[in-house]
Amino acid sequence: MGMGRGPGPSALGFWPTFAFLLCSFPAATSSCKILKCNSEFWSATAGSHSPAPDDAPEFCAALRTYALCTRHTARTCRGDLAYHSAVHGIEDLMSQHNCSKDGPTSQPHLRTLPPPPGDSQERSDSPEICHYEKSFHNRAAAPNYTHCGLFGDPHLRTFTDRFQTCKVQGAWPLIDNNYLNVQVTNTPVLPGSAATATSKLTIIFKNFQECVDQKVYQAEMDELPAAFADGSKNGGDKHGANSLKITEKVSGQHVEIQAKYIGTTIVVRQVGGYLTFAVRMPEEVVNAVEDRDSQGLYLCLRGCPLNQQIDFQAFRAGAESPGAHRLPAASPAPSAPDTFPYETAVAKCKEKLPVEDLYYQACVFDLLTTGDVNFTLAAYYALEDVKMLHSNKDKLHLYERTREPPGRAAAAGLPPAPWPLLGSLLLLPLLPVLLEAT
């Protein structure tokens, strides 16, 4: 059964979750703590918007605490659409449940609500189209899976196993196809430094046939939610909703999202203060775009544009020179105040990454450019995710870093890739729906 694109995103019925799609626009600031307020509310209410009658007082108390949290962060969230969406949502919920604005604001733990039928496992009567691998029984060949990962300062492994170290400061699209969008925001590790790491991640799962409603997942530094932006953990109310599920593996550190309807697994981690991303996706889904030219707009398929790539070989040669304790003068990033000597960086990376492949080299690079030992774990977990997600076990370790010369992508049969630095580009197709919803 072939993959068909579902109907376009629909306006969400509950409080305007569509606003979360715009959280990556410049109006939102890193000091805005609205995601923390959201998470605390979902935790206190078990994600329920319709509490049992006996739980109404506790639910109202949680709402008042939620409102207090938004007031505390109001100054830093000015202009943040996610914040304003939450404020209006609180007002709506308080009105619906006849909650008084005056009253206790503590957050007693509500009784854990039983999961909806089929929430613990996929419904046996889910439509076949909502299980990608099962739909292949009518095909001659099994699906071919690919992997993409982003970690560290930052290092990119593309769907075609190219490995690059890039600058890419600001917002950049990682994936943009008919089924989902992924965008990352990279910020300087230190003020004035060219070394960057991923501080924000937004994933949009598009509305797909009878399987899933549109869902948004967003993570930030020190905030790795175990639910989608609307508080749910699956694909919504459709018949095949459990073909999209989010699972918290390690609280605050490791989240896994299974999108069975497109045969895709996503792993998001927080290591130290920054995020890592890894995905396993069928080639058919990777290449499912209406406009082939737009394929050039996302990093997982094309890699970083040439002017954003760092010449790792030149950097390494300078770092390995006799007596080199800090970055060479011609290196691509200024040194941090407390970076490691080269020998120390090598020793620390060897502890976690005994094979001197590109993940080991990325670890050494990150310790030299940031001085943050947590980047050792970022490289280690990135390789562990490759072991779990990559379909070709002979390609787990890569040894030759890729720096693409002009024209290389075209020679490989891919269309030319324009590279405007517009991090919000991947959200543009959704704007007509957002405007209509307002």
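Structure: above.
As the structure is a computational prediction, the values presented were derived from the model and not from experiment. (Residues numbered from 1 in each chain as written. Predicted model: local features only at pLDDT ≥ 70, side-chain atom pairs only at ≥ 80, totals over all residues. Heavy atoms only, no water.)

Asks: In this structure, what is going on with the pattern of salt bridges? I would like to understand it.
Replies: Pairing is possible between side chains of opposite charge, provided their charged atoms come close. Taken as a whole and assessed by the stated rule, the structure comprises 6 salt bridges. Between Lys395 and Asp161 there is a salt bridge; the shortest N-O distance is 3.9 Å. Linking Lys395 in the loop between α9 (374-389) and α10 (408-411) with Asp161 in the loop between β2 (155-157) and β3 (163-165), this pair joins segments that are 234 residues apart in sequence. For the salt bridge of Glu384 with Lys387, the shortest nitrogen-to-oxygen distance reads 3.2 Å. One end of the pair, Glu384, and the other, Lys387, are both in helix α9, 3 residues apart, so they sit about a helical turn from each other. By relative accessible area, which is 27% here, Glu384 ends up partly exposed. (Salt bridge = Lys/Arg side-chain N within 4 Å of Asp/Glu carboxyl O. Helix = DSSP H or I, 4+ residues; strand = E, 2+ residues; numbered from the N terminus. Buried < 20%, exposed > 50% of the residue type's maximum accessible area, 1.4 Å probe, protein only.)

Asks: I would appreciate a short explanation of the sheet that holds strand β8 (residues 244-250) in the present structure.
Replies: Pairing between sheet strands relies on hydrogen bonds along the backbone, with the strands arranged either parallel or antiparallel. Here we have 7 strands laid out as an open sheet, ordered β3-β2-β1-β11-β10-β9-β8, and antiparallel in their pairing. Each edge of the open sheet is held by one strand with a lone partner, namely β3 and β8. Here the average twist between neighbouring strands, direction ignored, is 10°. Examined bridge by bridge, β2 and β3 share 3 bridges and lie antiparallel to one another. Residue pairing for β3: Leu156 is matched across the bridge by Gln164. Most of the contacts of α9 go to strand β10 (residues 264-271), to which it runs at about 165°, and overall it touches β1 (145-151), β2, β9 (254-259), β10 and β11 (274-282). (Pairing = 2+ DSSP bridges. Axes fitted to C-alpha atoms, helices over the stretch in contact; angles between N-to-C directions. Contact = heavy atoms within 4.5 Å.)

Asks: Please clarify how the environment of Gly235 should be interpreted in this entry.
Replies: In this fold, Gly235 is placed in the loop between β7 (215-220) and β8. Relative accessible area serves as the criterion here: at 0%, Gly235 is assigned to the buried category. When the C-alpha atoms of Gly235 and Gln214 are compared, they prove to be 7.5 Å apart, with 21 residues separating the residues in sequence. In contact with Gly235, not counting residues within four places along its chain, are Val212, Asp213, Lys215, Ala241 and Leu244.

Asks: Which parts of the structure should I look at to understand the side chain of Asn177?
Replies: Within the fold, Asn177 resides in the loop between β4 (170-176) and β5 (180-188). On the basis of relative accessible area, Asn177 is assigned to the buried category, the value being 2%. In terms of polar contacts, Asn177 uses its side chain to reach the backbone amide nitrogen of Leu180, at 3.0 Å. With residues near it in sequence (within four places) discarded, Asn177 still touches Lys206, Met281, Val285, Val286, Ala288 and Val289. (Polar contact = N/O pair within 3.5 Å; in protein donor to acceptor, adjacent residues only side chain to side chain.)

Asks: Where do I start with the sheet that holds strand β6 (residues 196-205) in this structure?
Replies: Spatial strand order, β4-β5-β6-β7: 4 strands in an open sheet with antiparallel pairing. The open sheet has two edge strands, β4 and β7, and neither has a second partner. When strand polarity is set aside, the average angle formed by the axes of neighbouring strands in this sheet is 20°. Of the strand pairs in this sheet, β4 and β5 are connected by 6 bridges, and their pairing is antiparallel. Looking at β5, one finds that Ala171 is bridged to Thr185.

Asks: Would you mind showing me how to read the pairing of β10 here?
Replies: A regular strand places its side chains on the two faces of the sheet in alternate fashion. The buried count for β10 comes to 8 of 8 residues, which makes it a mostly enclosed element. Burial along β10 is two-sided: the face carrying Thr264, Ile266, Val268 and Gln270 and the face carrying Thr265, Val267, Arg269 and Val271 are both buried. In sequence, β9 turns back onto β10 through a hairpin of 4 residues, with Gly263 there showing a positive phi of about 60°. Bridge count for β10 against β11 is 7 bridges, and the pairing is antiparallel.

Asks: Looking at this structure, I do not really get the side chain of Glu220. What am I missing?
Replies: Here Glu220 shows up in strand β7. Ignoring anything within four residues of it in the chain, the contact list for Glu220 reads Leu35, Ser199, Lys200, Gln270 and Leu275.

Asks: What is the right way to read the nonpolar core from this model?
Replies: Soluble globular proteins: nonpolar side chains tend toward being buried together. Ranked by size, the top nonpolar core spans 48 residues in total, and within it Leu174, Ile175, Leu180, Ile203, Phe205, Ile257 and Tyr261 carry the most contacts. It is β11 that provides the largest number of residues to this core, a total of 4 residues. Counting residues in each nonpolar core, the second largest holds 22 residues, with Tyr342, Leu353, Val386 and Leu396 among its members. (Core = buried A, V, L, I, M, F, W, Y, C linked by side-chain atoms within 4.5 Å.)

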